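# Analysis of the macromolecular model
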Amino acid sequence: MKKYLTTALVVATPMLAQAQSSVTLYGVVDNAIEYTVGVPKGHVVQAVSGNWQPSVFGFLGTEDLGGGLKAIFRLETQFNAFTGATMSGSGSGFTRRSLLGLSDAKWGTVRLGYFGQEDIGSRIIFIDPQVFHFYGIATLVRGRNWTLTSNGIDYTTPTIGGLTFQGQYNLTNNSNWNTAPTNGLGSGPGMLGQAQGRSDGAQLIYTGVPNLQLRTIYSEIRDGKGQFSNVYTASRSIVFGGVYTMGALQFYAGGQYLSAPNASDAGYFSTTPKTYLPPGVTVPSAATHEWIGVAWDINPAVNLRGAIYHANANNGNGNATLYTLSGSYALSKRTLLYTQLGYVQNSQTSNIGLGNGLADPYGANSNDDPAKGFRSSGPNFGHGQFGAYSGIVTKF
């Protein structure tokens, strides 16, 4: 028996050696100090982790299966580098993504798993003038573009004639179509840990012209009842934008339309009485969002970015404009210093702040909501908010 076993191992060893595999441990550690003026009680100075890029660690793996086919996986979690606590996502494991799939240069890539921060709606970040900075593409839509999603399948084509297509579909694992099972995980910024219905989307990327990238993205997130009930957490999103590079400059422009045809008080306020709103204002069922910006690589170490974002919500909810300026200085290929300034200017019936959609969701803040006394980091209606932060980030 030992002889036959030894022979089998000798025969199998060359076959196993042909399947080359690799696993990479990687991570980002990002900490900053932030100062914000215009919160309900005055101003706040706070330690924050992940204002330039989220603090994460993960594993990235590939195995060559031969003939151009590879098995791939990615496991990643996010944490607060000031406290060490795991944050953002589906629990205490790999909170940002856990994916497994097959990739082929000729046929494309199929992946299955928890897409988390790779939800297709979040791909808007690649046409954001501020890229990973905290004040940017998601600020005026209260975090709608920082979505999470689980139970997904994703397919990306090879690039053909400058075009790349990606489609994503996320199951609810529920017998009742579109709706969420009890204790289903959330997706929108105000739904983390709450029930979420079906979500899906697609994007088309065009890079057929030198120095030009165009993207159009459609995504949708349903609430636990399978409806589009909240512009900022359960809605349809259509995005179009692009980036044009001219030497050391990159020019950005884009627009977004959000629609929640089933919008209702219940979709925004889970408890009664309803959060106080200005006279004549009802919950929004649609919002528009536009932006322009420019980035300048002054030299290999120094980068400056400036951008303006504008959003308008219907049903009397007013409009807001975000002005941003940021800079970074690379100390090495892995470590850089960064800073950003941001100011939100609100119309009389708007109270959008510089938060992430969790700290300042739709509705009044603690000063303007005598019924609920809700605490929020957003400004009073018609008031602005200014913020600034500086930090350091390193990668490994």
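Shown above is the structure to which this text applies.
What counts and what doesn't
Residues numbered from 1 in each chain as written. Predicted model: local features only at pLDDT ≥ 70, side-chain atom pairs only at ≥ 80, totals over all residues. Heavy atoms only, no water. Pairing = 2+ DSSP bridges. Helix = DSSP H or I, 4+ residues; strand = E, 2+ residues; numbered from the N terminus. Patch = residues over 30% accessible without salt bridge, like charges linked within 9 Å, V, L, I, M, F, W, Y side chains within 5 Å. Areas by Shrake-Rupley, 256 points an atom, 1.4 Å probe, with all protein chains shown as cover. Salt bridge = Lys/Arg side-chain N within 4 Å of Asp/Glu carboxyl O. Contact = heavy atoms within 4.5 Å. Core = buried A, V, L, I, M, F, W, Y, C linked by side-chain atoms within 4.5 Å. Buried < 20%, exposed > 50% of the residue type's maximum accessible area, 1.4 Å probe, protein only.

What follows deals with the pairing of strand β14 (residues 286-297). Where strand β13 (residues 249-259) lies against β14, eleven bridges are found, and the strand directions are antiparallel. In the strand pairing of β14, Gly-255 is matched with Glu-290. The loop that links β14 with its antiparallel partner strand β15 (residues 302-313) comprises four residues.

In this section: a nonpolar patch on the surface. Taken together, the side chains of Ile-33, Tyr-35, Val-37, Val-45, Phe-82, Ile-292, Ile-308, Tyr-323, Leu-325, Leu-341, Tyr-343 and Phe-386 make up a nonpolar region of the molecular surface, amounting to roughly 1,100 Å² of accessible area. Contributions of two or more residues to the nonpolar patch are made by β1 (21-39), β16 (319-330) and β17 (335-346). Positionally, Leu-325 belongs in strand β16.

On to the environment of Val-29, then. By the element assignment, Val-29 lies in strand β1. A C-alpha to C-alpha distance of 8.8 Å links Val-29 and Asn-80, two positions 51 residues apart in sequence. Residues in contact with Val-29, not counting those within four places in the same chain, are Ser-55, Phe-79, Ala-81, Ile-392, Val-393, Thr-394 and Phe-396.

The next thing to look at is the nonpolar core. Membership of the largest hydrophobic core comes to 30 residues, with the highest contact counts inside it found for Ile-124, Leu-140, Trp-291, Tyr-309 and Tyr-338. Those elements that place two or more of their residues in this core are β1, β12 (236-246), β14, β15, β16, β17 and β18 (385-395). What Ile-124 contacts, discounting residues up to four positions off in sequence, is Ile-137, Asn-145, Ile-217, Val-239, Gln-256 and Trp-291. If you look at the next biggest cluster of nonpolar residues, it comprises 13 residues, including Ala-260, Phe-269, Val-283 and Ala-313.

Let's shift gears to the pairing of β17. Judged from the eleven bridges that link them, β16 and β17 form a sheet pairing that is antiparallel. In the sheet register, Ser-328 faces β17, and the bridge partner there is Tyr-338. Inspection of the sheet shows β17 paired to β18 by ten bridges, in the antiparallel sense. Bridging across to β18, Val-344 finds its partner in Gln-385.

Once that is clear, we can look at unusual backbone geometry. Residues other than glycine seldom take positive phi values, yet Arg-142 does so here, at roughly 50°. Positionally, Arg-142 belongs in the loop between β7 (108-114) and β8 (152-156). The backbone of Asn-211 shows a phi angle near 70°, a positive value even though the residue is not glycine. Its place among the elements puts Asn-211 in the loop between β10 (196-206) and β11 (212-223). Looking at Asn-211, the relative accessible area reads 48%, which means it is partly exposed.

Within the structure shown, the criterion is met by eleven salt bridges. Note that Asp-154 is salt-bridged to Arg-111, the shortest N-O span being 3.5 Å. Of this pair, Asp-154 sits in strand β8 while Arg-111 sits in strand β7, placing them 43 residues apart in sequence. For Arg-111, a relative accessible area of 14% puts it in the buried group. A salt bridge links Arg-198 to Asp-200; the nearest nitrogen and oxygen atoms lie 2.4 Å apart. Given a relative accessible area of 11%, Arg-198 falls into the buried group. Its relative accessible area of 11% is what places Asp-200 among the buried residues. Each of Arg-74, Glu-76, Arg-96, Arg-97, Arg-111, Glu-118 and Asp-154 takes part in a single network of salt bridges with overlapping partners.

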